[in-house]
Amino acid sequence: MDAGSNGVRLLVADARGSAPRAVHTAKYRLRLSAQVDVYGRLPDRSVRRLGEAVAAAREEAERWGVDRLFPVATAVVRDAPNRAEALAALNSRTHTSRTHASRTPGSPAYAPLRVMPGRREAELTFLAARRWMGWRAGPMVLLDIGGGTFDIAFGRNGVPDFAVSVPLGAGRLTREHLNGGDPPAKGDVRSLRRTVRHRLRELAERVRREEPHTAVATSRTFQQLARLCGPPPGPPHGHGGALARQTVRTGQLRAAVRQLAGLSAAERAELPGISAARSRQSLAGAVVAHTAMKLMDVEEAVLCPWALREGILLEYLENGRSTAWWNRLPHS
């Protein structure tokens, strides 16, 4: 379970084999990135709503017979100046009316919400993408646009050679650069692009030097942009009904930026693939995707349906079901 910029998501998986098989998902939309103040603080009402969503996800996990839950908070909570107070309030809800003796450390009711460091998030997402793509991907760069951060990782094996998380999430950039109008002013869009280019220039140079054979994109942002840029995916196949192969190309993203920049949020929501919940931040996401791929000399990225949640499950399975790594994550 992860608590992120757009809400709380739960993945229930059958982990009896060598790879997790999704059996149920649930989503609780909150749009937290639109509710933080100018300093990134989570208001009390947002913390209450987040607590309600986390509690609902725990109950859902219990209904599905989950015997071990891994709840994490990502950028919107991790980077909040009032993170400690928010986590204390959220974790206080783990104490239910059950007797303490009936709890196990990993049970849905007992497991605390832990903070996922940005670099660790990038590493686990890379692990998931590598396992999904297989060794045929060769040297691989991962691109993952979230609400608060943009994660980049590169590796030739299962463990990335480097993994970074930069504060270029679609929700964060929308709040910081595109709040002046709907649609935004052209100058604001240019300013956003300059900011993204400046933050990514050195990272992109490092990726180019590594000469990746494959670029892989994860996240709902990339999925929606791919749908906007091209035809719908083919029929589900394999691995619990994941999407058929989809790609997104740099030239398509350039056209998407131009299209989205001239539309209001309501008009964007009428486009193929763009949901109403993400229509405001879709432009910032497109700018990050296009700028990153152009700077890295990446012409095409393959979409991967596995990301952080699957990476957490794979880490658990591939470490002999040990939770030592998990227990080291902070929960305050």
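Note that the coordinates shown come from a computational prediction; the quantities given were computed from them, not determined experimentally. (Residues numbered from 1 in each chain as written. Predicted model: local features only at pLDDT ≥ 70, side-chain atom pairs only at ≥ 80, totals over all residues. Heavy atoms only, no water.)

Would you mind going over the overall build of the protein chain with me for this structure?
Each helix and strand counted, the protein chain has 12 helices and 11 strands in total. The C-alpha atoms of the protein chain give 19 Å as radius of gyration, which agrees with the globular expectation for 332 residues (20 Å, within 12%). In terms of its C-alpha atoms, the protein chain occupies a principal-axis envelope of roughly 60 × 45 × 35 Å. A total of 332 residues make up the protein chain; the buried ones form 55% of that total. Approximately 15,000 Å² of the protein chain is accessible, and the part contributed by carbon and sulfur atoms is 48%. Looking at charge distribution, the protein chain has the averaged site of its 50 positive side-chain charges lying 1 Å from that of its 31 negative ones. (Helix = DSSP H or I, 4+ residues; strand = E, 2+ residues; numbered from the N terminus. Rg over C-alpha atoms; globule rule 2.2 N^0.38 Å. Buried < 20%, exposed > 50% of the residue type's maximum accessible area, 1.4 Å probe, protein only. Areas by Shrake-Rupley, 256 points an atom, 1.4 Å probe, with all protein chains shown as cover. Lys, Arg positive; Asp, Glu negative; His and termini not counted. Charge placed at Lys NZ, Arg CZ, Asp CG, Glu CD.)

What exactly am I supposed to notice about the packing of aromatic side chains here?
If you walk through the whole model with that rule in mind, you get 6 aromatic pairs. For the ring pair F154 and F162, a centre distance of 6.1 Å and an interplane angle of 25° mean the geometry is stacked. Per residue, the accessibility class of F154 equals that of F162, and both read buried. Relative to W326, the ring of W325 lies with its centre 6.0 Å away and its plane at 75°, an arrangement referred to as edge-to-face. Residue W325 shares its accessibility class with W326, and that shared class is buried. (Phe/Tyr/Trp six-rings, centres within 6.5 Å; stacked < 30°, edge-to-face > 60°.)

Help me understand the pairing of strand β9 (residues 214-218) in this model?
A regular strand places its side chains so that they alternate between the two faces of the sheet. With 5 of its 5 residues buried, β9 lies for the most part within the structure. Residues of β9 alternate between two faces, with T214, V216 and T218 on one and A215 and A217 on the opposite face, all of them buried. Both strand β6 (residues 140-145) and β9 contribute to a ladder of 5 bridges, which runs parallel. Looking across to β9, one finds that L143 is bridged to A217. As paired strands, β9 and strand β11 (residues 300-303) are joined by 2 bridges and run parallel to one another. Residue V216 lies in a different strand from β11, and its bridge partner there is V302. (Pairing = 2+ DSSP bridges.)

Whenever I open this one, the pairing of β6 confuses me. Can you help?
Within β6, 6 of the 6 residues are buried, leaving the element largely enclosed by the surrounding structure. Here β6 shows a buried face lined by M140, L142 and D144 and a second buried face lined by V141, L143 and I145. Sheet analysis places β6 next to strand β7 (residues 150-155), joined by 6 bridges and oriented antiparallel. Following the sheet pairing, V141 is matched in β7 by F154. Joining the antiparallel neighbours β6 and β7 is a turn of 4 residues.

What am I meant to see in the environment of V66 here?
Here V66 lies in the loop between α1 (44-63) and β4 (72-73). On the basis of relative accessible area, V66 is assigned to the buried category, the value being 19%. Dropping the residues within four chain positions of it, V66 is found in contact with V12, A61 and P108. (Contact = heavy atoms within 4.5 Å.)

Would you explain the sheet that holds β7 in this entry?
To summarise the sheet geometry, strands pair through backbone hydrogen bonds and adopt either a parallel or an antiparallel arrangement. The sheet built from 6 strands is open, its strands ordered β8-β7-β6-β9-β11-β10 with mixed pairing. For this open sheet the edge positions go to β8 (162-166) and β10 (247-249), each flanked by a neighbour on one side alone. Put simply, the sheet's adjacent strands are angled 25° from each other on average, direction ignored. Most of the contacts of helix α10 (residues 282-295) go to β6, to which it runs at about 160°, and overall it touches β6, β7, β10 and β11. (Axes fitted to C-alpha atoms, helices over the stretch in contact; angles between N-to-C directions.)

Please explain α10 as it appears in this structure.
With 14 residues, α10 extends 20 Å from end C-alpha to end C-alpha; this agrees with the ideal 20 Å at 1.5 Å per step. The buried fraction of α10 amounts to 13 of the 14 residues, a majority that puts the element mostly inside the structure. D297, located one to two residues past α10, shows a positive phi value of around 60°. (Expected span 1.5 Å × (residues − 1).)

I tried to follow the pattern of salt bridges on my own but got confused; where do I start?
Close approach of charged atoms allows side chains of opposite charge to pair. Scanning the model with the defined rule gives 16 salt bridges in all. Here R309 and D2 are joined by a salt bridge, their closest N and O atoms 2.3 Å apart. Of this pair, R309 sits in helix α11 (residues 308-318) while D2 sits in strand β1 (residues 2-4); the two residues are 307 residues apart in sequence, bridging distant segments of the chain. D79 is the partner of R172 in a salt bridge, and the nearest nitrogen-oxygen pair spans 2.7 Å. On the criterion of sequence distance, the pair formed by R172 in helix α5 (residues 170-177) and D79 in the loop between α2 (75-78) and α3 (83-91) is long-range, its members being 93 residues apart. Accessibility expressed as a relative area gives 14% for R172, which makes it buried. Owing to a relative accessible area of 39%, D79 belongs among the partly exposed residues under this scheme. Within this structure, R78, D79, E121 and R172 form a network of salt bridges that share partners. (Salt bridge = Lys/Arg side-chain N within 4 Å of Asp/Glu carboxyl O.)

Would you mind going over the sheet that holds strand β2 (residues 7-14) with me for this structure?
Read from one edge to the other, the open sheet built from 5 strands follows the order β3-β2-β1-β4-β5, with strand pairing classed as mixed. A single partner strand is all that each edge strand has here, and the edge strands are β3 (21-29) and β5 (114-115). With 8 bridges joining them, β2 and β3 adopt antiparallel strand pairing. Within the sheet, the bridge partner assigned to R9 lies in β3 and is K27. Set on the sheet, α11 makes contact with β1, β2 and β4; between it and β2 the angle comes to about 40°.

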